Amino acid sequence: MPEPESELSSREVEHVARLARLGITPEEVTRYRDQLRNILHHIEALNRADTSKVPATAHPLEERNVMREDRREPSLPAEAALRNAPSRDDSYFKVKAIQE
Amino acid sequence: MKLYQRTIRELHQMLIDREISSVELTDAVLNQIDLVGDKTKAYLLVTRELALRQAQAADERLRAKRDVRPLTGIPIALKDVLCVRDVASTAGSKILGGFTPPYSATVVERLEGEGAVFLGKTNCDEFAMGSSNENSGYWPVHNPWSLDRVPGGSSGGSAAAVASGEAIAALGSDTGGSIRQPAALTGIVGMKPTYGRVSRYGLIAFASSLDQIGPMTRDVADGALLLQAIAGNDPRDSTSSSRPVPDYLATLTDGVKGMRLGVPKEYFVAGMEPAVEQSIRDAIRLLEQQGASIEEVSLPHSDVALPAYYIIAPAEASSNLARYDGTRYGFQAGGGRNLIEEYMLTRQQGFGAEVKRRIMLGTYALSSGYYDAYYLQAQKVRTLIIEDFKKAFEKVDALLGATSPTAAFELGAKTQDPVAMYLNDIITIPANLGNVCGISVPCGLVDGLPIGLQVIAPGFGEEVALRVAYAFEAATEFHRARSPLMGAAA
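Residues numbered from 1 in each chain as written. Chains lettered and ligands numbered in written order. Predicted model: local features only at pLDDT ≥ 70, side-chain atom pairs only at ≥ 80, totals over all residues.

### Observations regarding the overall build of chain A
Then, number 1: Counting its secondary structure elements, chain A contains three helices and two strands.
Then, number 2: Mapped from its N terminus to its C terminus, chain A presents α and β elements in the order α-α-α-β-β.
Then, number 3: Relative to the 2.2 N^0.38 estimate, which gives 13 Å for 100 residues, the radius of gyration of chain A is 23 Å and therefore markedly larger than a compact globule would have.
Then, number 4: Every one of the 100 residues in chain A was classed for burial, and the buried ones make up 17%. (Helix = DSSP H or I, 4+ residues; strand = E, 2+ residues; numbered from the N terminus. Rg over C-alpha atoms; globule rule 2.2 N^0.38 Å. Buried ≥ 20, exposed ≤ 12 C-beta atoms within 10 Å, placed from the backbone.)

### Topic: the pairing of strand E11 (residues 449-457) of chain B
All names here are of chain B.
Then, number 1: A large share of E11 lies buried, amounting to nine of its nine residues.
Then, number 2: Inspection of the sheet shows strand E9 (residues 398-402) paired to E11 by four bridges, in the antiparallel sense. Residue pairing across strands places Leu 400 opposite Val 455, the latter belonging to E11.
Then, number 3: When strand E10 (residues 437-446) meets E11, the two strands line up antiparallel, connected through nine bridges. Within the sheet, the bridge partner assigned to Leu 445 lies in E11 and is Pro 450.
Then, number 4: A loop of two residues connects E10 with E11, the two strands running antiparallel in sequence, and Asp 447 in this loop sits at a positive phi of about 50 degrees. (Pairing = 2+ DSSP bridges.)

### Things to note about the nonpolar core
Then, number 1: Counting residues in hydrophobic clusters, the biggest one holds 181 residues, and the most contacted among them are Ile76(B), Val455(B), Ala465(B) and Val468(B).
Then, number 2: For Ala465(B), the contacting residues outside a window of four places in its chain are Ala398(B), Cys437(B), Gly438(B), Ile439(B), Val455(B), Ile456(B) and Ala457(B). (Core = buried A, V, L, I, M, F, W, Y, C linked by C-beta atoms within 7 Å. Contact = placed C-beta atoms within 7 Å.)

### Remarks on the interface of chain B and chain A
Then, number 1: Chain B puts 61 residues into the contact, and the matching count from chain A is 48 residues.
Then, number 2: Counting only elements with at least two residues in the side of chain B that touches chain A, the list comes to helix H9 (305-320), helix H10 (339-350), helix H11 (353-366), helix H12 (372-395) and helix H13 (418-422) of chain B.
Then, number 3: Element by element, the count of residues in the side of chain B that touches chain A is highest for H12(B), at 13 residues.
Then, number 4: Looking at side-chain class alone, the side of chain B that touches chain A contains 30 nonpolar, 21 polar and 10 charged residues. (Nonpolar A, V, L, I, M, F, W, Y, C, P; charged D, E, K, R; others polar.)

### With respect to the domain arrangement of chain B
Put simply, an interface is often sized by how much accessible area is lost when its parts join up.
Residue and element names in this part refer to chain B.
Then, number 1: One can read the domain layout of chain B as domain 1 (3-261 + 395-488) and domain 2 (304-376).
Then, number 2: Measuring from the centre of the C-alpha atoms in domain 1 to the corresponding centre in domain 2 gives 28 Å.
Then, number 3: Taken together, the 27 residues of domain 1 in the interface contact 22 residues of domain 2.
Then, number 4: Every element with two or more residues in the side of domain 1 that touches domain 2 is listed here: H13 and helix H14 (429-433). (Domains from an automatic or database assignment.)

### Thoughts on the sheet that holds strand E3 (residues 117-122) of chain B
All names here are of chain B.
Then, number 1: Sheet architecture is open: 11 strands sit in the order E1-E3-E2-E4-E6-E5-E10-E11-E9-E7-E8, paired in mixed fashion. Two strands in the sheet have a free side with no partner beyond their single neighbour: strand E1 (43-46) and strand E8 (293-297). On average, each strand axis in the sheet is inclined to that of its neighbour by 30 degrees, with strand direction left out of account.
Then, number 2: Packed onto the sheet, helix H8 (residues 274-289) meets strand E7 (260-264), E8, E9, E10 and E11 and runs at close to 115 degrees relative to E10.
Then, number 3: Running over the sheet, H12 touches E7, E8 and E9 and is turned about 140 degrees from E7. (Axes fitted to C-alpha atoms, helices over the stretch in contact; angles between N-to-C directions.)

### With respect to the confidence of the model for chain B
Then, number 1: Confidence in the prediction for chain B averages 96 pLDDT; 99% of positions are at 70 or higher.
Then, number 2: Predicted as a complex, the structure gets a pTM of 0.97 and an ipTM equal to 0.92. (pLDDT = per-residue confidence, 0-100.)

### Quick look at the packing of H9(B) against H12(B)
Residue and element names in this part refer to chain B.
Then, number 1: At their nearest, the axes of H9 and H12 sit 9 Å apart, and the two run at 125 degrees to each other. It follows that H9 is oblique to H12 by the angle criterion. Like other packed secondary-structure pairs, H9 and H12 cross with a definite hand, here left-handed. Every residue of H12 that contacts H9 at Ala 305, Ala 308, Ile 311, Ile 312 and Ala 315 is listed here: Tyr 374, Tyr 375, Ala 378, Gln 379, Val 381, Arg 382 and Ile 385.
Then, number 2: Taken together, the residues that form the contact of H9 with H12 break down as 10 nonpolar, one polar and one charged. (Parallel < 35°, antiparallel > 145°, perpendicular 65-115°, else oblique. Left-handed = near helix turned anticlockwise from the far one by under 90°.)

### Overview of helix H2 (residues 26-43) of chain A
Then, number 1: The end-to-end C-alpha distance of H2(A) is 25 Å, a good match for the 26 Å that 18 residues give at a rise of 1.5 Å each.
Then, number 2: Along H2(A), the residues classified as buried are Tyr32(A), Gln35(A), Leu36(A), Ile39(A), Leu40(A) and Ile43(A). Projected down its long axis, H2(A) carries its buried residues within an arc of 140 degrees, all on one side. More than 90 degrees from the buried face of H2(A), the exposed residues found are Pro26(A), Glu27(A) and Thr30(A).
Then, number 3: Considering only its buried residues, H2(A) is in contact with helix H1 (10-19) of chain A together with H9, H11 and H13 of chain B. (Expected span 1.5 Å × (residues − 1). Arc of directions from axis to C-beta.)

### Thoughts on the packing of helix H7 (residues 220-230) of chain B against helix H15 (residues 462-474) of chain B
Residues and elements named next belong to chain B.
Then, number 1: Axis separation between H7 and H15 bottoms out at 9 Å; the angle between their running directions is 160 degrees. One element, H7, and the other, H15, form an angle in the roughly antiparallel class. You can see that H7 and H15 cross each other, and the crossing is left-handed. On the side of H7, the interface is formed by Val 220, Ala 221, Gly 223, Ala 224 and Leu 227, while H15 contributes Glu 462, Leu 466, Ala 469, Tyr 470 and Glu 473.
Then, number 2: Looking at side-chain class alone, the contact of H7 with H15 contains seven nonpolar, one polar and two charged residues.

Right, here's the structure in full:
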């Protein structure tokens, strides 16, 4: 198994924040970098466990492929779904332009 | 004794005997909220009018003796991660400010069906991420036993409400200890059911493979009653189990005689307060005197549960919290020049520091190049933890240990050190990863602060955990201790 980078860089923090769509100030980059480094340092302990022959567990469910009858049921009315929208246009959520 | 100091079962008897009405009871609890709410800050929202309306409806039901259930007319608090139709629900986050859900959580509907009374939404760490309630996006909660101490978290508002007489019982949610740890730190009973036992529909998600809703109560019997009301399959949550729900009260008082109880040696962790360890050892001896056989067992991968959790939970959270983009509900920053910039501003201003930390940690662990080393490895460790429990439960019926290595700490003591904060959950996290259930029951006071005994039982063995906890409670007086705040106003 490859060893994870032990020292997280400021550039990586900026990259991760961008991936997560989190605005972040230069001061926060430094602060989060140091905090995340410390957390990741403790998480390195994961490698103490020998998992070479162990399958991964994504969820603990006993049941597989839970099905229901394919029938029409009442759903949330559009007005109820839209009433929390910060901005809307008729029966649509209104967003900023995706491209300038 | 004041009405707000009593248990569900005592009050149920008084209600059906017509000794009191639900409106009187609800008034008494709302009055206590008025008296001490500024001290505990347990609620984000008190739904006074809704509560009195529900209390009147419950009184109708009681008067007509129509479908009277154990929770009919009982005032209950709901952690703010639970959606209640048309009632502001924020998960303790600014990013959900102003959000009123168009539907209710299944557990909320179940309690409505029982005729329960909703007092309001209790404060919590933002999106249930925290162990002290200091990560609330609004304000911290204070422990009713000592106001300069934390109540634990993340269900700290629910815990403080029950411990201060601001609710008769409450619902919380537990992803890594968020019901059991605050229950321990406030001297009440809190149970995390097995994943799948209680529907998560309408629970604002933190980590979807770990989250469970559970009861927070004054004693074990109340916990059994409340669990009974919320457990069971729900077609709206495909992860809810179709296993039948046992009658938890039927076996509650069967005692521990002849039971085999295991003590995981790894649960006496470094950093545990000596007085906590002593109380746990005393509790184990007491259960032995009650007729249980005690043996030491090993859960060898306990030391890697915490690191695995701090990959898996943030990874799931980073994905779950992607939906908060200021488009469909909640806070929108405004001022972004385009959509992406608007997302970034909204999330920058709407999320608190701990939530951002975990989103970044989770995003990092899932990102290209690190997935195998972190996320996949953590999922494999999760398998090892499940196997540890399976092996232990071949030998014993239930496991005993502390809930938290320490009693409640002072506000501010750990806020500068995320890792120190994470260590609070070191003995509660394995039960979430291992797909088992756990309950915390009061087992003593250390310098006037409560601590909890944790009983862990196999998956879908809630009746076993409840039975052991009840046997301990029945032989002790710890659960009768009331916080100064609950007593002072008496």
